[in-house]
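Survey of secondary and tertiary structure
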Amino acid sequence: KPLIIQKVYEKTGRKIILDGKVSLSLLPSPSLSVKNLSLENPHGFRSVHMMNVEKVQVDIALLPLLRKKIKVTHIQISKPILNLEKSQDGHTNWDFDMPIDKVVAEVDKNDGSAESPPVDFDFSLDHMEILNADISYKDDLTAYELKDVTTKIKLASLAGPVTAQGLFKFMGKNVQFNVTLKEIGEKIPLKLEVITFGLDLKVDGKFLMHDTSFQGDVELSSDTASLSKAFDDKINVPAFLKDTFVLSGYVIASPSGAHFQHLDLTLEETKLSGTGHIALDPLRFSADVRGLPGNLHLKLEASPTTFGLAGRVEASLKSPLKLANWMQAKITTATRPLLEQPLDISAVFSQTSQKISLNNLMLSVGRTIFSGQLEYAPQINTVSYDIKTSHIASLLAFLGMNSAVDLEGGRLKGNAQFVPGKVTTACALELQGGSLDMAGDLLLPEKAEMSFDMNVKTAFSNMEALLKNAPIEGFSLNTNIKGSPSRLSFSNIKAFIKTGGQKIPFSGDLVTDFK
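Residues numbered from 1 in each chain as written. Predicted model: local features only at pLDDT ≥ 70, side-chain atom pairs only at ≥ 80, totals over all residues. Heavy atoms only, no water.

1. Section: the overall build of the protein chain
Helix and strand content of the protein chain: seven helices and 30 strands. Relative to its full complement of 515 residues, the protein chain shows a buried share of 31%. Sequence separation of 24 or more characterises 38% of the internal contacts of the protein chain that already satisfy a separation of 6 or more. When the accessible surface of the protein chain is split by element, carbon and sulfur atoms take 58% of a total near 31,100 Å². (Helix = DSSP H or I, 4+ residues; strand = E, 2+ residues; numbered from the N terminus. Buried < 20%, exposed > 50% of the residue type's maximum accessible area, 1.4 Å probe, protein only. Contact = heavy atoms within 4.5 Å. Areas by Shrake-Rupley, 256 points an atom, 1.4 Å probe, with all protein chains shown as cover.)

What follows is the structure, given as structure tokens:
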């Protein structure tokens, strides 16, 4: 025990505690067994121990000992618990060059270690096993945990090559990995493959010891249907994304973050290319990508918040129609002209478990601009909106309506709640010269005709501001409207038409049946 305590302290500056039995046998080959050992943390960290190990078994070849060499043929580490931490002052507990608190790091002078003479030896290792390890990381903002880590490591020599393969659990899912280090030095050639969550990650590059950075190629492949299944089918994957995708690029990574160059996302014969960046302290990420049918250009910046995610998104699309066709979207006669116009959109977004918000929203279709905010509450499946429009005359001209409608802008505010088979909505539309309020239900049954039931209130005091050559000066209408493909009815009508300076009132019910 004293020799082990001394050597660990000389190498790490930390005190090791040996609470269990330490046994050494010589035949048929030398072996060392240590039970219940702990490595203390420096002062200033949450956990008392950086590491706890249930058992370490070391097997040593006999003949090399006669040549004053220690060749370790096998090491087995059973049930280690490794607590990695970053303190408030920025120190990490795996940095063995940092100042050590004397009270914590000092070796007990009564354990006899000071009387042990120094021992010089050559060292080599054939392979090592780690069984059922738990590894955790904590700092002031984040916490991660890997459970049931089991791996086999082979070393031709301390200079490499080194191979490791095994598995662990992360977020309740199994993760398989395979690592190869061709040599160990200032620059370590590294190959890594990780398979989990329906993903296959491959890394091939070099790890630089002087700044603990990595440079190399990265490839991530998956089919999104498998990815959805890995997340217990909580992801609703669109049909056009259910094919295998491959994400590849060159990455430069360091403890401060990662920069991705020459990123290519390939979906069958479709490609999206660009760059990306991830910063770790504080955590934030950004991307700038181009491609897909329709010539999409997307810029994204985001960072975690206390309750979710926040950031900014910008996108431009030269041909929305091409992208809609690729996404297998349903295109109607009414929407096709809109999709033939270039589109630009930008917004500040935030996401929590309660809602997803788009603020400072700006959407331009041709010269027409829509601005405002959108909010979606997933727990009650409700969308709220407040949207203003300007320069809408150019859009109406494109739709062939400008000759009749003289509309420059307006404002639409309201909400809609979606439940199976029904949409409940309330909205208010403000236009120059008047307004329109609607509230009611849109029924969408699976095996019956679509229908709606709306209470409508509208009043326009200046029709000339809305409609060129309007035959009336204004009107007001309060009614309940029910409609289906076979019938349209207006009930409890209370209305008037203003013409020639006179109001003409009328009331009653109106029903129209369609053949």
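2. Considering the nonpolar core
Among the nonpolar cores identified, the biggest contains 34 residues, and Leu37, Val56, Ile75 and Ile153 are the most heavily contacted of them. Sort the elements by how many residues they give to this core and strand β4 (residues 49-60) lands first, with five residues. Core analysis: the second largest hydrophobic core is formed by ten residues, Leu296, Ala315, Leu317 and Trp326 among them. (Core = buried A, V, L, I, M, F, W, Y, C linked by side-chain atoms within 4.5 Å.)

3. Examining helix α1 (residues 2-12)
Burial in α1 covers these residues: Ile5, Gln6 and Thr12. Each buried residue of α1 sits inside an arc of 155° when the element is viewed along its axis, so together they form one side. Positive backbone phi, at 75°, marks Gly13, one or two positions downstream of α1. (Arc of directions from axis to C-beta.)

4. Side note on the packing of aromatic side chains
Applying the stated rule across the entire model yields four aromatic pairs. Consider the rings of Trp94 and Tyr137, whose centres lie 6.3 Å apart with planes at 55°: the pair is tilted. Of the two residues, Trp94 sits in the loop between β6 (81-85) and α3 (102-105) while Tyr137 sits in strand β7 (residues 122-138), which places them 43 residues apart along the sequence. For the ring pair Tyr137 and Tyr144, a centre distance of 6.3 Å and an interplane angle of 20° mean the geometry is stacked. Through successive ring pairs, a cluster of aromatic residues spans Trp94, Tyr137 and Tyr144. Over the aromatic face of Phe496 sits the side chain of Lys503, whose NZ or CZ is 4.7 Å from the ring centroid. (Phe/Tyr/Trp six-rings, centres within 6.5 Å; stacked < 30°, edge-to-face > 60°. Lys NZ or Arg CZ within 6 Å of the ring centre and 35° of its normal.)

5. Description of the layout of surface pockets
Of the voids in this model, the second largest pocket is the one considered here, and its volume is about 350 Å³. Forming the walls of the second largest pocket are 16 residues, and the residues nearest its centre are Phe370, Ile387, Thr389, Leu412 and Leu429. For the lining of the second largest pocket, the class distribution of residues is 13 nonpolar, two polar and one charged. (1 Å grid on protein atoms, 1.4 Å probe; cavity = no way out; pocket = protein on both sides within 12 Å on 5 of 7 lines; lining within 4 Å. Points joined across faces, edges and corners; volume = space filled by probe spheres on them. Nonpolar A, V, L, I, M, F, W, Y, C, P; charged D, E, K, R; others polar.)

6. Remarks on a positive patch on the surface
Together, Lys182, Lys187, Lys191 and Lys206 make up a positively charged patch on the protein surface. Note that Lys206 resides in strand β12 (residues 199-208). In this structure Lys206 comes out as partly exposed when scored by relative accessible area, which is 44%. (Patch = residues over 30% accessible without salt bridge, like charges linked within 9 Å, V, L, I, M, F, W, Y side chains within 5 Å. Salt bridge = Lys/Arg side-chain N within 4 Å of Asp/Glu carboxyl O. Lys, Arg positive; Asp, Glu negative; His and termini not counted. Charge placed at Lys NZ, Arg CZ, Asp CG, Glu CD.)

7. A short note on the confidence of the model for the protein chain
When pLDDT is averaged along the protein chain, the result is 83, and 87% of the positions lie at 70 or above. With pLDDT under 50 throughout, residues 98-120 is counted as low confidence; its partners more than four residues away or in other chains account for 35 contacts. (pLDDT = per-residue confidence, 0-100.)

8. Some words on the environment of Met51
Within the secondary structure, Met51 is located in strand β4. We classify Met51 as partly exposed; its relative accessible area is 27%. Residues Met51 and Leu37, 14 residues apart in the sequence, show an inter-C-alpha distance of 8.3 Å. Ignoring sequence-local partners within four residues, the contact set of Met51 consists of Leu37, Ser38, Leu39, Ile81 and Leu82.

9. Topic: a nonpolar patch on the surface
A cluster of nonpolar side chains, namely Leu24, Leu26, Leu27, Leu62 and Leu65, defines an oily patch on the protein surface of about 530 Å² accessible area. On the secondary structure map, Leu62 appears in the loop between β4 and α2 (63-66).

10. Side note on the pattern of salt bridges
By the definition in use, this model includes eight salt bridges. The salt bridge partner of Glu375 is Lys355, with a shortest N-O separation of 3.6 Å. Of this pair, Glu375 sits in strand β22 (residues 368-377) while Lys355 sits in the loop between β20 (343-352) and β21 (356-365), placing them 20 residues apart in sequence. The partner of Asp513 in a salt bridge is Arg487, with the nearest N and O atoms 2.6 Å apart. One end of the pair, Asp513, is in strand β30 (residues 502-513); the other, Arg487, is in strand β29 (residues 487-499), with 26 residues separating them in the sequence. Residue class for Arg487 comes out partly exposed when judged on its relative accessible area of 41%. One salt-bridge network, held together by shared partners, links Asp134, Glu145 and Lys147.

11. Remarks on the environment of Leu63
Structurally, Leu63 is set in helix α2. Among the residues examined, Leu63 registers a relative accessible area of 59% and is labelled exposed. Remark: the alpha-carbon pair of Leu63 and Ser29, spanning 34 residues in sequence, is separated by 9.1 Å.

12. Here we look at unusual backbone geometry
Look at the link from Leu27 to Pro28: it is a cis peptide, with omega at 0°. When you line up the elements, Pro28 lands in the loop between β2 (22-25) and β3 (31-40). Backbone geometry at Asn295 places phi at a positive 55°, although glycine is not the residue there. For Asn295, the location among the structural elements is in the loop between β17 (283-291) and β18 (296-304). Of note in this structure, Asn492 is not a glycine but carries a positive phi near 55°. Relative to the assigned elements, Asn492 resides in strand β29. Accessibility expressed as a relative area gives 59% for Asn492, which makes it exposed.

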